[in-house]
Structures are given as C-alpha cells and as structure tokens.
Number of protein chains: 2
Amino acid sequence: VECVPNFSEGRNENVLEAIAQAIKSVNGAHLLAREKDADHHRSVFTIAGQPDAVSSAVFQAIAVAVASIDLNQHQGVHPRIGAADVVPFIPVQDIGMNECALLAHNLGKRLWSELRLPVYFYESAALRPERRLLEAVRKGGFEQLRVTALEDPARTPDIGGPGLHPTAGAVIVGARKFLLAFNINLTTSDVQIARRIAVKIRASSGGLPHVKAMGVMLASRGIAQVSMNLTDYEVTPLHVVYEAVRTEASLEGVSIAGSEIIGLMPAAALAQSAAHWLQCVNYSPAVIFEKKLLLVD
Amino acid sequence: VECVPNFSEGRNENVLEAIAQAIKSVNGAHLLAREKDADHHRSVFTIAGQPDAVSSAVFQAIAVAVASIDLNQHQGVHPRIGAADVVPFIPVQDIGMNECALLAHNLGKRLWSELRLPVYFYESAALRPERRLLEAVRKGGFEQLRVTALEDPARTPDIGGPGLHPTAGAVIVGARKFLLAFNINLTTSDVQIARRIAVKIRASSGGLPHVKAMGVMLASRGIAQVSMNLTDYEVTPLHVVYEAVRTEASLEGVSIAGSEIIGLMPAAALAQSAAHWLQCVNYSPAVIFEKKLLLVD
C-alpha cells in the first residue's frame, strides 16, 4: 500500500526532518519521496510498504505534526484544516480499495483515541456521501471549520470532537486511486485562456471524467498553465487530457509549450499513453517488466 | 538477473507447457512471461531471479526443448539454428555485464557436457569478436549451419561439436542489455515493402543505431510486418523507430496498421516515449513509482 500524507509545514526543515525520521523509524515502511513547497507552506511525503507498517509510520508522522505544527500560526495559499491535513491510502498491489478504506478507518480511530485529533473520512473511506470530495470536507479551511464543526451538524467530525484540536485542527483520512498531478504550459501569458481551457476539460463542468483542472499564471516564467489532477488515469489517461488541451488551445489560437509531471506516476499511466501513440494493438500493463518483478518479490 | 530464452516452437502447447513446468520446478526462478507466435513458430520465456536459480531453470528448459523439438520438422519465418535458439542473460539489479557473461559461459559448458548441445556465444559473452552480432552466428539458419559447422573453421561451435546436434541444432548463449522486441504491421500484404522499410531503418545498412529490422509476411493475417529488435532503447527509443517507420511507410504509400510489443519492456522504455509525445519538459525515469519501489525492496 502507498500513503501520501500532506502536512501544513513547508518551511521549517527541523519539523519536516522529524516527520521523516518518525516514518523511517518504523520497520518495513519506506519513505519513497518528500517534497515541500514554501509558497503553499505544505509538504507531501510518499510512503510505501506492507499495510500495517505504512499505517504505523503514518501514525508516528502525524503524532510529530500534531506536536509541532500550530495552525493558528500557519499561513499559505493552499486550503487546509489540519497540521496533518490529508492522508490518503492508495492500493498498489495485492490490496483492494475496501482494505485501504479499512486502513483509513482504523488509523482514524487511533488518531482520536491516542492523539485527540478529530477525523474526517473522504473518497472511498467516506462515511457520508457528501464527504467523498476532499474540497467539500476542507471548505472554509481551519479558520471556518473550528467554528462550524461545533455549530453545524453537517460539519462535525466523523470521529472525535466536538470541535477541532486547538492547534492541530483535524485530519482528513481516506482511500483513493493513484492521483496524477500533470500540468500543461501554454504559449501565452494570458491566464484567462488557461482558465477557459480548464473549465472546458474538467469533470466538474461537464468535461473529461476524473479530471480536476484550473488555470494558473506562472509569474516567474510569464506563462499560463493548465494545472491538473487526474483522479482515475485508467478512465481518463494522460494522452486524452493532452489531446483535449491541445484541441482547446488551438481553438484559442495558442499551442502547448510543454508539460510537467509532478511527483511520481505509476509506470502503467505513462505506458498506456506510449501504447496509444505507438498504435500498439497488444498492450497491457502486464508487459511492464518492473510490475512483473514486484509481483515475485 | 533476467534470462529470455527463445525456443523454436510456437504451435505445440504441450511442448511449451513442459518447458514452463521445467522453469517453475526450480526454486527461486520466476517465470515472468511467456509468448508464442505461430507464424514465427517460436516462443519466448522471460525468467528472473537470483543468478544461480535462473541459470538452473534455463538449463532445465533447454533440456526439455532438446528432447521435444526436431528442427528437421520445423518451418517458420524467423531465422533459427536450434530448438533452444538464443539464450541471453540480462543484468537487472546488483549485477554487471561481466557476471552475466560468466553465467553464459558456465551454462554453455553444462549444455555441452550434459546434453551434447553445441554452443555459440554472442554479444558480451562472445569469445570471437565476429560473433558479437547474433545475425552473424545465426546466418544461414540450421539448414546451412549443420553443414558449415563441420566444414568451415569460421563456423564451428565455441563449445562442442564437430557439427550440430542432429535434431536440436545448436544454441546461442550470451549476455546483453535489455532488448525491446517491437513489430510494426503495415496496411499492405506486400512483404517487399516491409523489407525495403527494414533496410532503410536498420543500423546495419546505415539507419538508426541499435536497431535490427527485417520485413516478414504474417501469413495467418495476410499482412506485411517490420519486425524489429531495439538493442539500446536509451539511444534509439520506441517513438524514434515508430516515426521512422511511419515516414518510410508513407513514402511507400502505405500506413501503420498497428504495432506489437513482444515480451516485456522496462517501464522507462515506454515512459520515455510517452514523455516525448506529451512534450514533457521535466521527465526522468525517477518519476516512475515502481522503480522507486524496487529500490527499497
């Protein structure tokens, strides 16, 4: 199983190193990657291994975050409700989405019982259908939720409460598929074009299923970008998104300047797009050597 | 280490199943894939594991092939000199090319001493520089080599002989980089077109480096095919080969009907081509999730 906890700390390297050490202290949990963003004031850790080891490592990491991060002092451009903000479990191999949801629920119970951290569940671990979407749970951020979690029955935590943890807020734990973060840069500095393309292609406005998109301006480079999350690349692959953006861009009279992969991608996500362009008639993820190797290890 | 033995049997499932069972009978040798092609009358097995286990499994598989396949009865479009035709060892992780060549040499000695199968060594295991290229060793196929191996000192086996095994021919054992087997089918039944395209793109006639290509007729489907091996995909990637064939095909007035991946491919081989078509500006093999996972296992 893989777990990609997001923490509301992107500047203080001491705190991030303590989180990394907590993860590494658990036998069988492997820290594959860590990324921090000072503007977002946020960090992402990628952990993989056997379910129990990963869950235990994530608990230890959250314990450090709860002890070290005070949301009352935290400002960043990224919406968040907790010191440990979002904690998704992702099936990798020999594990299903239901088992990942169970992992999420068990971790949530432990977070409340041992750390007094209130928990919301989202995506495939959601206990209320309206909480499947992360955006719905996180709406208003820490500043609003610490009030509404007390007053509004629709916003109370799934486990714990009433109200949020005074400094660490709450945590959103879930189970979901592998998410691809993929950005396409345009040959224009007009951010409105990127925004119109984003609206055209994203699922929420009737575009491609499982695509989240927004148009942003990359000030340092003077170019507009369509910034995307693909939440189910088997349904909407990279090449479909790329072609859709290219088509919409050409209607706007601009072109694609280049694309960027953020974080890690499963081999199959890239391979299926290669197979598409190669017109491969017998492609399946089973042709990927590394996937076979992982099955026998 | 990985080993990808090719056998001159692509139709009789009983023989192929016996070969597979022989491989699986060896503890620690993992049969990752098996493929057969009735037109080529040829099969490929992919085995991975610790060097000793893989070498032992390959020996058992070849023993079955020697006992079951009679080249005097064998016809297929693919050139071959043996029941077990080509047996390359490929370094995967924590092993070098020299160690793979040593594995090849030790297997060769055992094949002659226990099965009386003459052995030629190729690529990084070659004992004579003119035998580095597989085509040079295989020239003329079984029908010609069973005569010249006796008469021509330049064609005698590296181990064993004189002459070939009466029914199993000889085996070509070697050590090499990961090889991509990739075929492109054309929208024509004219095999001469496939042959002219093969000549244009292959390294041996001044085309793309590390590309071997031949034009073959797929009788069962009535289409011509450019059948290729890419012996260094980091130098000449899949998309470069695909585009070259497309260009040459269009000059011949035909199109690409589809492509086929034979056997397994490293994730990076497909990912780099996806990155090309996606115009990805920050791609590196380090973005592939499974590669990270294998590093920690």
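Colleague: Break down the overall build of chain A for me, with residues and values.
Modeller: When helices and strands are counted, chain A shows 9 helices and 11 strands. Since a compact globule built from 297 residues should have a radius of gyration of about 19 Å, the 20 Å found for chain A is in line with a globular shape. Reported as C-alpha extents along the three principal axes, the dimensions of chain A are approximately 55 × 50 × 35 Å. Buried residues in chain A amount to 56% of all 297 residues. Taking the intrachain contacts of chain A between residues at least 6 apart in sequence as the baseline, contacts between residues at least 24 apart amount to 71%. Charge centroids of chain A, computed over 27 positive and 29 negative side chains, lie 3 Å from each other.

Colleague: Describe in detail the relation of the copies chain A and chain B, supporting the description with residues and values.
Modeller: The two copies are related by a screw operation: chain A maps onto chain B through 175° of rotation and 0.2 Å of translation along the axis, at an RMSD of 1.9 Å. Taken together, the rotation angle and the small translation identify this as a two-fold axis. Looking at chain A, 100% of its interface residues are interface residues in chain B too, so the copies touch through the same face.

Colleague: Account for the interface of chain A and chain B, naming residues and giving values.
Modeller: How big an interface is tends to be stated in terms of the accessible area lost upon association of its parts. Between chain A and chain B, the contact holds 43 residues from the first and 43 residues from the second. For the pair chain A and chain B, the summed buried area comes to about 4000 Å², and 71% of that belongs to carbon and sulfur atoms. On the chain A side of the contact with chain B, Leu278(A), Phe289(A) and Glu290(A) bury the most area, a combined 18% of that side's loss. Residue Glu290(B) pairs with Lys291(A) through a salt bridge whose shortest N-O separation is 3.8 Å. Viewed at the interface, chain B and chain A are joined by 21 residue pairs in polar contact (both at pLDDT 80 or more). Only β3 (29-37), α7 (238-251), β11 (256-262), α8 (267-277) and α9 (289-296) of chain A provide two or more residues apiece to the side of chain A that touches chain B. In terms of residue class, the side of chain A that touches chain B is made up of 29 nonpolar, 8 polar and 6 charged.

Colleague: Describe the pattern of salt bridges, listing the residues and the values that go with them.
Modeller: Residues and elements named next belong to chain A. Throughout the structure, instances matching the rule amount to 33 salt bridges over all chains. Lys212 serves as the salt-bridge partner of Glu135, at 3.3 Å between the closest nitrogen and oxygen. Here Lys212 lies in strand β9 (residues 211-218) and Glu135 lies in helix α4 (residues 134-138), a separation of 77 residues in the sequence. On the basis of relative accessible area, Glu135 is assigned to the partly exposed category, the value being 43%. For Lys212, a relative accessible area of 28% puts it in the partly exposed group.

Colleague: How would you explain helix α2 (residues 51-68) of chain B if you had to name every residue and give the values?
Modeller: For α2(B), with 18 residues, the first-to-last C-alpha span of 26 Å sits near the 26 Å given by 1.5 Å per residue. When α2(B) is considered as a whole, its buried residues turn out to be Ala53(B), Val54(B), Ser55(B), Ala57(B), Val58(B), Phe59(B), Ala61(B), Ile62(B), Val64(B), Ala65(B) and Val66(B).

Colleague: Can you tell me about unusual backbone geometry, naming the residues and giving the values?
Modeller: Cis rather than trans, the peptide bond between Gly161(A) and Pro162(A) has omega equal to 0°. Looking at the secondary structure, you find Pro162(A) in the loop between α5 (141-151) and β7 (171-175). Of note in the backbone geometry, Asp94(A) takes a positive phi value of approximately 60° without being a glycine. Relative to the helices and strands, Asp94(A) is located in the loop between β5 (84-90) and α3 (97-115). For Asp94(A), a relative accessible area of 71% corresponds to the exposed category. We note that Gln279(B) has phi near 55°; this positive angle belongs to a residue other than glycine. Its relative accessible area of 29% is what places Gln279(B) among the partly exposed residues.

Colleague: Talk me through the sheet that holds strand β8 (residues 180-186) of chain A; I want residue IDs and the actual numbers.
Modeller: The strands that make up a sheet are held in pairs by hydrogen bonds between backbone atoms, and each pair lies either parallel or antiparallel. Residues and elements named next belong to chain A. The 4 strands lie next to each other as β9-β10-β8-β11, forming an open sheet whose pairing is antiparallel. Of all strands in the sheet, those bounded by a partner on one side alone are β9 and β11. Pairwise comparison of adjacent strand axes, ignoring direction, gives a mean angle of 20° for this sheet. Of the strand pairs in this sheet, β9 and strand β10 (residues 223-230) are connected by 8 bridges, and their pairing is antiparallel. Along β10, the bridge assignment pairs Leu218 with Ile223.

Colleague: Break down the packing of aromatic side chains for me, with residues and values.
Modeller: Aromatic ring pairs are defined here through the distance separating the ring centres and the angle between the ring planes. The final tally for this structure, using the stated rule, is 7 aromatic pairs over all chains. Each ring, one from Phe289(A) and one from Phe178(B), has its centre 5.1 Å from the other, and the planes form 75°; the classification is edge-to-face. A residue pair is termed interchain when its members come from two chains, as with Phe289(A) in helix α9 and Phe178(B) in the loop between β7 (171-175) and β8 (180-186). A residue is classified by how much of its surface remains accessible, and Phe289(A), at 4% relative accessible area, is buried. Look at Phe7(B) and Phe45(B): their rings are 5.6 Å apart centre to centre, the planes differ by 80°, and that puts the pair in the edge-to-face class. Of this pair, Phe7(B) sits in strand β2 (residues 6-7) while Phe45(B) is found in strand β4 (residues 42-49), placing the two residues 38 residues apart along the sequence. Grouping aromatic residues by their ring pairs yields a cluster made of Tyr242(A), Trp277(A), Tyr242(B) and Trp277(B). In this arrangement the basic side chain of Arg110(B) is found over the ring face of Phe59(B), its NZ or CZ atom lying 3.7 Å from the centre. When the ring centre of Trp112(B) is taken as reference, the NZ or CZ atom of Arg116(B) above it lies at 4.4 Å.

Thresholds, definitions, all that
- Residues numbered from 1 in each chain as written.
- Chains lettered and ligands numbered in written order.
- Predicted model: local features only at pLDDT ≥ 70, side-chain atom pairs only at ≥ 80, totals over all residues.
- Heavy atoms only, no water.
- Helix = DSSP H or I, 4+ residues; strand = E, 2+ residues; numbered from the N terminus.
- Rg over C-alpha atoms; globule rule 2.2 N^0.38 Å.
- Buried < 20%, exposed > 50% of the residue type's maximum accessible area, 1.4 Å probe, protein only.
- Contact = heavy atoms within 4.5 Å.
- Lys, Arg positive; Asp, Glu negative; His and termini not counted.
- Charge placed at Lys NZ, Arg CZ, Asp CG, Glu CD.
- Least-squares fit on C-alpha atoms with pLDDT ≥ 70 in both.
- Buried area = accessible area lost by both parts, 1.4 Å probe.
- Salt bridge = Lys/Arg side-chain N within 4 Å of Asp/Glu carboxyl O.
- Polar contact = N/O pair within 3.5 Å; in protein donor to acceptor, adjacent residues only side chain to side chain.
- Nonpolar A, V, L, I, M, F, W, Y, C, P; charged D, E, K, R; others polar.
- Expected span 1.5 Å × (residues − 1).
- Pairing = 2+ DSSP bridges.
- Axes fitted to C-alpha atoms, helices over the stretch in contact; angles between N-to-C directions.
- Phe/Tyr/Trp six-rings, centres within 6.5 Å; stacked < 30°, edge-to-face > 60°.
- Lys NZ or Arg CZ within 6 Å of the ring centre and 35° of its normal.

The quantities given are spatial measurements derived from coordinates; they are silent on function.
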